[in-house]
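Listed here are the chains, written in short residue letters.
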Amino acid sequence: MPSLRDSGKIVGRSASIRQVARQCNLSFPLSLRQFINTPGCPFSRCIRLHIKVLTNPPANNSIETMLNRMREVYSTAGIGVVVASREDLTPAVLGNANFNTLNALDVGQCESGSPSNEQNQLFQNENGVPAGQRNNEIVVYFVQNVTLTGGGQLNGCATFPNGQPGAVVAQIGSPWTLAHEVGHVLGLDHVSGEHEGCPTSDPECCSTPAVTRLMTGCSTNNIVGTPTVNQTEINTMTSNNLTHQC
Amino acid sequence: MPVTMEQVINQLDREEPNYTQASQLGAEAIPYLVILIQGEDLGLAVKATALAGIINAEQSATALELAAQHPSTVVRVAAAATVQNLTNIPTSLSGKLLSDSDAGVRNWTLKSIGVRQPEGIRGRVEEIIRNDPDIGIRDRARQIIEQLP
């Protein structure tokens with residue numbers, strides 16, 4: 001049984017178990033186990049994440065912060081975010097092991113369907129994913145750097161080996177990068193309309209950034225408030241086979 | 001039209017910057033990139049480091065020397081990964097990066113050296129084959145040693 005925190009049932013600072021249980025028409029007295037194991041409460045659809053930590057993000061943008069931000073925006077799409085497992089792969093735990101070099105991950109061109117050798121190697125680590133479920137659950141690796149083969153640096157990358165859905169998030173990621181990259185894994189593209197009036201010499205300039213949208217391609221670092229996903233994006237997310245009945 | 005800091009930040013402050021497009025800012029962007037490398041925003045410092053190498057201008061090596069001394073490992077990894085874009089990698093720069101305490105920095109430096117095969121670094125790579133504590137890095141050094149002059 002996941003912890004209450006990882007069950008993803010409580011979203012936002014103000015919600016309590018009592019409030020959420022009432023929404024689900026659960027009657028009291030109610031055990032924590034019963035609450036956590038009640039299907040469809042409060043979300044009918046869920047995704048299951050497995051968190052692998054090669055490098056902890058900075059304290060002001062911790063994994064818990066990113067998960068909370070993700071739950072905020074995914075709850076607006078009616079999707080719960082369950083953390084099914086966590087694994088610490090930091091040098092402090094593993095010592096001078098193989099993950100040292102994968103921590104500065106080479107993601108090739110970060111093109112969908114073309115994972116790099118290092119991504120293939122990293123994604124082989126799927127401890128905690130139930131047997132036979134790898135194609136239905138998402139593994140997210142928190143690494144130090146996400147680096148293009150040519151030397152460019154990214155906040156994250158959602159390219160994954162066939163049948164091993166997941167993403168990597170760099171230490172420089174924003175509080176919304178986890179939600180954004182998992183959005184890509186669920187089939188979302190960057191929003192359009194962020195490049196209005198850009199010169200032909202720089203057609204992808206961020207002249208009109210969509211700072212209220214999760215899938216902005218400009219910078220999730222500049223997002224204002226809780227970003228939105230529109231109905232088309234929600235349909236894409238909920239119809240993806242990685243989104244299950246809770 | 002002269003390059004501005006706003007243009008530089010506009011290119012870099014993205015989830016996945018288009019570095020090919022950003023490199024068209026050219027050598028005029030380097031002084032701004034140096035400021036960003038030394039600035040407080042780590043995300044911009046990392047991406048500015050990457051772009052400084054990709055621009056491959058005369059002052060790029062100076063910018064990467066700064067990045068190679070950065071207290072944050074993520075910036076030093078960025079320097080090691082982008083040094084491959086310099087036509088001439090200064091021996092002092094590659095030597096410094098190969099001596100870094102972080103395995104990711106050393107690994108990316110070896111990859112970059114494999115791309116450019118600069119002179120004057122073979123001895124240091126041989127030393128890594130003999131002494132590096134990370135087996136993966138020793139293996140990578142073995143892979144590139146024969147390509148080095």
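One can find the structure itself at the top, above this paragraph.
Residues numbered from 1 in each chain as written. Chains lettered and ligands numbered in written order. Predicted model: local features only at pLDDT ≥ 70, side-chain atom pairs only at ≥ 80, totals over all residues. Heavy atoms only, no water.

A few points about the overall build of chain A
So, step 1. In terms of regular secondary structure, chain A is built from 9 helices and 9 strands.
So, step 2. Relative to its length of 246 residues, chain A is compact, with a C-alpha radius of gyration of 18 Å against a globular reference of 18 Å.
So, step 3. Here the C-alpha coordinates of chain A stretch approximately 65 × 50 × 35 Å along the principal axes.
So, step 4. Scored against the burial criterion, the 246 residues of chain A give a buried share of 52%.
So, step 5. Within chain A, contacts between residues at least 6 apart in sequence are counted, and of these 67% link residues at least 24 apart.
So, step 6. Per element, the accessible surface of chain A, about 10400 Å² overall, is 47% carbon and sulfur.
So, step 7. Distance between charge centroids for chain A: 18 Å, based on 14 positive and 17 negative side chains. (Helix = DSSP H or I, 4+ residues; strand = E, 2+ residues; numbered from the N terminus. Rg over C-alpha atoms; globule rule 2.2 N^0.38 Å. Buried < 20%, exposed > 50% of the residue type's maximum accessible area, 1.4 Å probe, protein only. Contact = heavy atoms within 4.5 Å. Areas by Shrake-Rupley, 256 points an atom, 1.4 Å probe, with all protein chains shown as cover. Lys, Arg positive; Asp, Glu negative; His and termini not counted. Charge placed at Lys NZ, Arg CZ, Asp CG, Glu CD.)

Looking at the packing of helix α4 (residues 63-75) of chain A against helix α8 (residues 177-185) of chain A
Residue and element names in this part refer to chain A.
So, step 1. At a minimum axis distance of 7 Å, the contact between α4 and α8 shows a crossing angle of 55°. Judged on the interaxial angle alone, α8 and α4 are oblique. Facing α4, whose interface residues are M66, L67, M70, V73 and Y74, α8 presents L178, A179, V182 and G183.
So, step 2. Within the contact of α4 with α8, the residues separate by chemical class into 8 nonpolar, 1 polar and no charged. (Axes fitted to C-alpha atoms, helices over the stretch in contact; angles between N-to-C directions. Parallel < 35°, antiparallel > 145°, perpendicular 65-115°, else oblique. Nonpolar A, V, L, I, M, F, W, Y, C, P; charged D, E, K, R; others polar.)

What to know about the pattern of salt bridges
So, step 1. A complete count under the given rule lists 16 salt bridges over all chains for this structure.
So, step 2. Across the pair E65 of chain B and K96 of chain B runs a salt bridge, and its minimum N-O distance is 3.1 Å. On the criterion of sequence distance, the pair formed by E65 of chain B in helix α5 (residues 60-68) and K96 of chain B in helix α7 (residues 91-98) is long-range, its members being 31 residues apart.
So, step 3. By relative accessible area, which is 18% here, E65 of chain B ends up buried.
So, step 4. Look at K96 of chain B and you get partly exposed, because its relative accessible area is 32%.
So, step 5. The partner of E127 of chain B in a salt bridge is R124 of chain B, and the shortest N-O contact between them spans 3.6 Å. With E127 of chain B and R124 of chain B both in helix α9 (residues 122-131), this residue pair falls 3 residues apart, about one helical turn.
So, step 6. Take R124 of chain B: its relative accessible area is 22%, and that puts it in the partly exposed class.
So, step 7. Taken together, the shared-partner salt bridges in this structure form one network comprising D106 and E118 of chain A together with K111 and R140 of chain B. (Salt bridge = Lys/Arg side-chain N within 4 Å of Asp/Glu carboxyl O.)

Regarding the environment of F28 of chain A
All names here are of chain A.
So, step 1. Inspection of the secondary structure puts F28 in the loop between α2 (17-23) and α3 (32-37).
So, step 2. In this structure the C-alpha to C-alpha distance between F28 and M237, which are 209 residues apart in sequence, comes to 33 Å.
So, step 3. What F28 contacts, discounting residues up to four positions off in sequence, is R18 and A21.

Describing the nonpolar core
So, step 1. The biggest cluster of nonpolar side chains holds 60 residues, and the ones touching the most others in it are L122 and V168 of chain A together with L12 and L33 of chain B.
So, step 2. Broken down by element, the residue count for this core peaks at 8 residues, all from helix α4 (residues 42-55) of chain B.
So, step 3. Discounting chain neighbours no more than four positions away, the residues touching L33 of chain B are V8, L12, A48, L51, A52 and I55 of chain B.
So, step 4. Grouped together as the second largest cluster of nonpolar side chains are 36 residues, V53, M66, V182 and V229 of chain A included. (Core = buried A, V, L, I, M, F, W, Y, C linked by side-chain atoms within 4.5 Å.)

Describing the side chain of E118 of chain A
So, step 1. Topologically, E118 of chain A is positioned in helix α7 (residues 117-122).
So, step 2. Residues within four places of E118 of chain A in sequence aside, it is in contact with T101, L102, A104, L105 and D106 of chain A together with N107, K111 and R140 of chain B.

What about the pairing of strand β8 (residues 166-169) of chain A?
Residue and element names in this part refer to chain A.
So, step 1. Taking every second residue as pointing to the same face, both faces of β8 are buried, with G166 and V168 on one and A167 and V169 on the other.
So, step 2. Strand direction decides the pairing type here: strand β4 (residues 138-142) and β8, joined by 4 bridges, are parallel. Bridge pairing links F142 to V169 in β8.
So, step 3. Both strand β7 (residues 156-157) and β8 contribute to a ladder of 2 bridges, which runs antiparallel. Within β8, the position partnered with C157 by the bridge is V168. (Pairing = 2+ DSSP bridges.)

Brief notes about the pairing of strand β2 (residues 79-88) of chain A
Residue and element names in this part refer to chain A.
So, step 1. Summarising the sheet, strand β1 (residues 45-53) and β2 pair through 9 bridges and their orientation is parallel. Paired with R45 across the two strands is I79, which belongs to β2.
So, step 2. Read as a crossover between parallel neighbours, the route from β1 over α4 to β2 is right-handed. (Right-handed = clockwise from strand over helix to strand, strands pointing away.)

Observations concerning the interface of chain A and chain B
By a widely used convention, the size of an interface equals the accessible area lost when the partners come together.
So, step 1. Taken together, the contact pairs 40 residues of chain A with 35 residues of chain B.
So, step 2. Carbon and sulfur atoms supply 45% of the area buried between chain A and chain B, which totals about 2600 Å² over both sides.
So, step 3. Of all residues in chain A, T101, Q153 and I172 of chain A bury the most surface against chain B, accounting for 20% of the area lost on that side.
So, step 4. Here E118 of chain A makes a salt bridge to R140 of chain B, at a shortest N to O gap of 3.9 Å.
So, step 5. At the surface where chain A touches chain B, the tally comes to 21 residue pairs in polar contact (both at pLDDT 80 or more).
So, step 6. Those elements giving two or more residues to the side of chain A that touches chain B turn out to be α6 (99-102), β3 (104-106), β5 (145-147), β6 (153-154) and α8 of chain A.
So, step 7. For the side of chain A that touches chain B, the per-class residue count stands at 10 nonpolar, 25 polar and 5 charged. (Buried area = accessible area lost by both parts, 1.4 Å probe. Polar contact = N/O pair within 3.5 Å; in protein donor to acceptor, adjacent residues only side chain to side chain.)

Quick word on the state of the cysteines
Residues and elements named next belong to chain A.
So, step 1. For the structure on display, the rule yields 4 disulfides over all chains.
So, step 2. A sulfur-sulfur separation of 2.0 Å characterises the disulfide bridge that pairs C46 with C246. Across the disulfide from C46 to C246, rotation about the S-S bond amounts to roughly 105°, and the bridge is consequently right-handed. Taken together, the residues C46 in strand β1 and C246 in the segment after β9 (244-245) connect sequence positions 200 residues apart. (Disulfide = S-S within 2.5 Å.)

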